[in-house]
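The lines below spell out each chain.
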Amino acid sequence: MPPPALGKQEADDIALNIRHFGQRFGGNPSGTNAEIVKALTGDNAAHATYLPAELRNLNDKGELLDQWGTPYFFHCGSATETEVRSAGPDRRLWTADDVVSK
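The notes below deal with the structure included here. Nothing here was measured: the structure is a model prediction, and the numbers come from that model.

What to know about the packing of aromatic side chains
Moving on, step 1. For the coordinates displayed, the defined rule picks out five aromatic pairs.
Moving on, step 2. Ring pairs connect the aromatic residues Phe21, Phe25 and Tyr50, which therefore count as one cluster.

Below, the structure is given as structure tokens:
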């Protein structure tokens, strides 16, 4: 099982790439997990990629998965702030071991 620190680093890296996208396009991508992944992987006006290959752990629905195989939860607080939440080792959202980054 991956250590929580590895999960935190990955969530931080994803959040950083979302911010870079937002800086270029005047706002972060929004929508479902799969819609955000599409925007970050080139389905945007510039066809620019903001999700490096090493962060592309996707399921068959095109959702980005955390270190434990659970889809990330993205909460867009505003056009420039997106919370990236991993369910953590217990694979259940909204519990004490969740990994959160903005």
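Here we look at the side chain of Asp66
Moving on, step 1. As for its position among the elements, Asp66 is in the loop between α2 (33-40) and β1 (73-78).
Moving on, step 2. In this structure Asp66 is buried but unpaired, with Arg91 as the nearest side chain of opposite charge at 6.1 Å.
Moving on, step 3. Polar contacts involving the side chain of Asp66 include one to the main-chain amide nitrogen of Trp68, which spans 2.8 Å.
Moving on, step 4. Engagement of the side chain of Asp66 in a polar contact is seen with the backbone nitrogen of Gly69, the distance being 3.0 Å.
Moving on, step 5. Not counting residues within four places of it along the chain, the set of residues in contact with Asp66 comprises Glu10, Asn57, Tyr72, Ser86, Ala87 and Gly88.

The rules behind these values
- Residues numbered from 1 in each chain as written.
- Predicted model: local features only at pLDDT ≥ 70, side-chain atom pairs only at ≥ 80, totals over all residues.
- Heavy atoms only, no water.
- Phe/Tyr/Trp six-rings, centres within 6.5 Å; stacked < 30°, edge-to-face > 60°.
- Helix = DSSP H or I, 4+ residues; strand = E, 2+ residues; numbered from the N terminus.
- Buried < 20%, exposed > 50% of the residue type's maximum accessible area, 1.4 Å probe, protein only.
- Lys, Arg positive; Asp, Glu negative; His and termini not counted.
- Salt bridge = Lys/Arg side-chain N within 4 Å of Asp/Glu carboxyl O.
- Polar contact = N/O pair within 3.5 Å; in protein donor to acceptor, adjacent residues only side chain to side chain.
- Contact = heavy atoms within 4.5 Å.

Note that every value here comes from positions in space, so none of it alone points to a role or purpose.
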